[in-house]
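# Structure assessment
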Amino acid sequence: MKAVLIVLTNPGSSDKEAAYNDWYTNEHVPDVLAVPGYVAATRYEGFPSWISIPQRYLTIYDLEVDDVAHIQRISDEHMRRIAAGEMRRSPDGAMDRGTMRAMYYLEKSARQTSKLQQSAVPDGVFLAYAAAAAPDRDAELNRWYDEQHLPDVLDLPGFTAAQRYTMTGVNMVGQPWVTENPYLTVYEHMHRDEAAYGAAFGQIRDRIAAGTVIMTDAIAPNSLMAVYRRISDPARA
């Protein structure tokens, strides 16, 4: 079963940003991938106009797990290695540890791909954190997402794949997570340029207005969205 660890971070300061990125990509990611259970990792940076959370940087770690208990064991080993000094720490001041957040999500439905364009490695991702408008509308929301909304979005130029996840509650660092919404959708897109992404997303708005992208009132109005460009090649364990 697939799971992901969503890690949100910031450099300690602008003058430490190069050191932060060098450490994260070339030291920290390999150290994390040495923990059994992790299989891959990719780093991203947010488009400034599309980020509504304090953290600019995103790392998505892919895992292969049996269940949530297995995720907890992987997280515990991850944290044990940090505490034991078995992972290389960032240079002094390079990372803002106070704003770091990390949450594990478990695969909810199969990854869907576009029939228009294929990409083994996306140029960026769009993360949407959502909840049902009411508990008795949860099944309706999930049905809309899987059967209607993801196919609608993937019928648009620039979006190549999407997959949905459920929050596990396994919070690696114990800091408040950025949202209480239980569902995460990761949309893969083909844009490293913010303006180009904005144009592609504009087509979604246009089709919603035209009624060809079907929305639902089963989704709560407090969805949290963030869009990123890829800044590293995928690393594998």
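Keep in mind that this is a model prediction, so the values were computed, not measured. (Residues numbered from 1 in each chain as written. Predicted model: local features only at pLDDT ≥ 70, side-chain atom pairs only at ≥ 80, totals over all residues. Heavy atoms only, no water.)

Counting its secondary structure elements, the chain contains four helices and ten strands. Secondary structure elements in the chain, listed N-terminal to C-terminal, are β-α-β-β-α-β-β-β-α-β-β-α-β-β. The C-alpha atoms of the chain give a radius of gyration of 18 Å, which matches the 18 Å a tight globule of 237 residues would have. Its C-alpha atoms give the chain principal-axis dimensions of about 55 × 40 × 30 Å. Across the 237 residues of the chain, 51% fall into the buried class. About 10700 Å² of surface is accessible on the chain, with carbon and sulfur atoms providing 50% of the total. (Helix = DSSP H or I, 4+ residues; strand = E, 2+ residues; numbered from the N terminus. Rg over C-alpha atoms; globule rule 2.2 N^0.38 Å. Buried < 20%, exposed > 50% of the residue type's maximum accessible area, 1.4 Å probe, protein only. Areas by Shrake-Rupley, 256 points an atom, 1.4 Å probe, with all protein chains shown as cover.)

On to the pairing of strand 9 (residues 224–230). Extensive coverage of strand 9 is indicated by the burial of five of its seven residues. Relative to strand 9, strand 2 (residues 38–51) is paired through four bridges, and the arrangement is antiparallel. Bridge pairing in strand 9 links glycine 46 to tyrosine 228. Pairing analysis gives six bridges linking strand 6 (residues 124–130) to strand 9, with the strands arranged antiparallel. Pairing of leucine 127 across the sheet is with alanine 226, part of strand 9. (Pairing = 2+ DSSP bridges.)

This paragraph deals with the nonpolar core. Ranked by size, the top nonpolar core spans 27 residues in total, and within it Leu5, Tyr24, Tyr38, Tyr61, Leu63 and Tyr104 carry the most contacts. Mapped by element, the contributors of at least two residues to this core are strand 1 (2–9), helix 1 (17–33), strand 2, strand 3 (57–64), helix 2 (68–83) and strand 4 (101–107). Residue contributions to this core peak at six residues, all from helix 1. Those residues within four positions of tyrosine 61 in sequence are excluded, and the remaining contacts are Ala3, Val4, Leu5, Val7, Tyr24, His28, Val29, Val32, Leu33, Tyr38, Ala40 and Ala41. Membership of the second largest hydrophobic core comes to 24 residues, among which are Trp50, Tyr145, Tyr183 and Tyr187. (Core = buried A, V, L, I, M, F, W, Y, C linked by side-chain atoms within 4.5 Å. Contact = heavy atoms within 4.5 Å.)

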